[in-house]
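Observations on chain architecture
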Amino acid sequence: MSMATTDHSEAPSSPPRVLEASGVRKTYRLGRVPVEVLKDASIEVFQGEWLAILGASGSGKSTLLHLLGGLDRPDSDGGVVKHEGQAVSSLRGAGLNNYRNRDIGFVFQFYHLLPELSVLENAMLPCMVPPSRLRASLPLASAAGGAAIGALAGWLFGDVALPAADDATPIRLAVIAATWAVVGAALGVLCFQLIQVLADRVRMRTGARAAEARKTLEDFGLLHRLKHRPSQLSGGERQRTAIARALGNDPPILLADEPTGNLDANTGREILELLKKRHESGLTIVMVTHDPKVAAYADRVVRIEDGCVLEANE
Ligand code: ADP
Ligand code: MG
């Protein structure tokens, strides 16, 4: 097994280990053929460092970063990924969401911005907490409420709708009440959706989270682009938006997959300078790259080779 470690672990004053993968194996299946991308990969990340993972195309860099970020799991008997001592692969549901949403920020190789959202909305995505069970049940509750009010109104006042010659028999009233219940349910859902859209708009304009997202976007030189869609942005602006989104919840760790991979040299340098500034204010960075010049920005470099992680000078 190859373990990429430094003497950090022995030094008494070494910063804590925030993230680690031990003996990780990851196999993809192409039809019936298993492709073992990571064989025995171990890596440690220490608080406050900027670690670069260098490797050729196809060596498994993105795969390893996805495992560290809880976006994928190792093979069932293929080692463990731990965040502050807790196995990431054992996280499920809300625990896993919290890990992905608050403990780390992830910058994807190809931005992965949502095309129908503006720059500000994209940057605010991590702050949009997944609905609680209570909130998720609200559309159903508003439909039920609307239906109940409709049915009651139909039952009490249904005879008004009948032609004068018709008797308001219980069956007729029940049919009218049922019709009104359906209309009431539809109106209930409509009102709920309307309120939700308005609340989101207000939150987007006035909430503390919106102010923070604007501040980050301003720091990244995107204030004049807040309302633009990703398709209207240059590559560098898209990547800055993606980094602003990754930092939306102010996570202590940023995982960045080839953050300059699709940019020209100058734009790439701007992005690296921006990461450098964040790193200097305490952000731990794990950055994957195939480019030694990009890796040179990091405090420490490890290499992926043949499914294992090696110290850069091994
Ligand atoms: P890198 O980021 O170093 O370029 P990746 O981690 O993306 O490499 O991929 C490593 C290898 O695994 C490649 O050969 C790639 O084709 C393969 N691979 C990656 N993801 C999948 C997948 N979901 N299914 C099958 N093969 C995959
Ligand atoms: Mg990759």
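Residues numbered from 1 in each chain as written. Chains lettered and ligands numbered in written order. Predicted model: local features only at pLDDT ≥ 70, side-chain atom pairs only at ≥ 80, totals over all residues.

**Looking at the overall build of the chain**
Along the chain, the regular secondary structure elements total 10 helices and 11 strands. The C-alpha atoms of the chain give 27 Å as radius of gyration, which overshoots the globular expectation for 314 residues (20 Å, by more than 25%). Every one of the 314 residues in the chain was classed for burial, and the buried ones make up 36%. Taking the intrachain contacts of the chain between residues at least 6 apart in sequence as the baseline, contacts between residues at least 24 apart amount to 74%. (Helix = DSSP H or I, 4+ residues; strand = E, 2+ residues; numbered from the N terminus. Rg over C-alpha atoms; globule rule 2.2 N^0.38 Å. Buried ≥ 20, exposed ≤ 12 C-beta atoms within 10 Å, placed from the backbone. Contact = placed C-beta atoms within 7 Å.)

**Let's talk about the site of ligand 1**
In the neighbourhood of ligand 1, the contacting residues comprise Y28, L30, V35, V37, G55, S57, G58, S59, G60, K61, S62 and T63. Elements with a contribution of two residues or more to the shell around ligand 1: β2 (17-30), β3 (33-46) and α1 (61-68). Taken together, the residues that form the shell around ligand 1 break down as 4 nonpolar, 7 polar and 1 charged. (Near = placed C-beta within 6 Å. Nonpolar A, V, L, I, M, F, W, Y, C, P; charged D, E, K, R; others polar.)

**A closer look at the domain arrangement of the chain**
For the chain, the assigned domains read domain 1 (2-116 + 251-311) and domain 2 (119-228). Inter-centroid distance (C-alpha atoms) of domain 1 to domain 2 is 41 Å. Contacts between the two partners involve 5 residues from domain 1, matched on the other side by 4 residues from domain 2. (Domains from an automatic or database assignment.)

**Considerations on the nonpolar core**
The tendency in soluble globular proteins is for nonpolar side chains to be buried side by side. By size, the foremost hydrophobic cluster in this structure holds 56 residues, and its most contacted members are L51, I53, L68 and V286. In this structure, this core is formed jointly by two domains, domain 1 (2-116 + 251-311) and domain 2 (119-228), each of which donates at least three residues. Not counting residues up to four positions away in its chain, the partners in contact with L68 are L19, A21, V81, L255 and V286. Ranked by size, the runner-up nonpolar core spans 8 residues in total, among them A147, A151, W180 and A185. (Core = buried A, V, L, I, M, F, W, Y, C linked by C-beta atoms within 7 Å.)

**Some remarks on the pairing of strand β10 (residues 300-305)**
Of the pairings in the sheet, the one linking strand β4 (residues 50-54) to β10 comprises 4 bridges and is parallel in character. Bridge pairing in β10 links L54 to R303. Here β10 pairs with strand β11 (residues 308-311) via 4 bridges, running antiparallel. Across the sheet, the residue bridging to V302 is E311, located in β11. In textbook terms, the turn of a hairpin is the stretch between consecutive antiparallel strands, and for β10 and β11 this stretch comprises 2 residues, one of which, D306, has a positive phi near 50°. (Pairing = 2+ DSSP bridges.)

**Topic: the pairing of β3**
Each regular strand carries side chains that alternate between the two faces of the sheet. Note that β2 and β3 share 10 bridges and pair antiparallel. Of the residues in β3, the one forming a bridge with L19 is V45. Taking the residues that link successive antiparallel strands as the turn, the β2-β3 hairpin has 2 residues, and the phi of G31 there is positive, at about 65°.

**Some words on the sheet that holds β11**
A sheet is described by the order of its strands in space; here 6 strands give the open sequence β7-β8-β9-β4-β10-β11, paired in mixed fashion. Sheet topology places β7 (104-107) and β11 at the edges, where each strand pairs with a single neighbour. The sheet shows a mean angle of 20° between the axes of neighbouring strands, direction not considered. Note: strand β8 (residues 253-257) against strand β9 (residues 284-289), 5 bridges, orientation parallel. Opposite I253, over in β9, you have T284 as the bridge partner. Strands in contact with α1 are β4, β8, β9 and β10; relative to β9, the strand with the most contacts, it is inclined by about 155°. Relative to the sheet, helix α8 (residues 235-246) contacts β7 and β8, its axis offset from that of β7 by approximately 165°. (Axes fitted to C-alpha atoms, helices over the stretch in contact; angles between N-to-C directions.)

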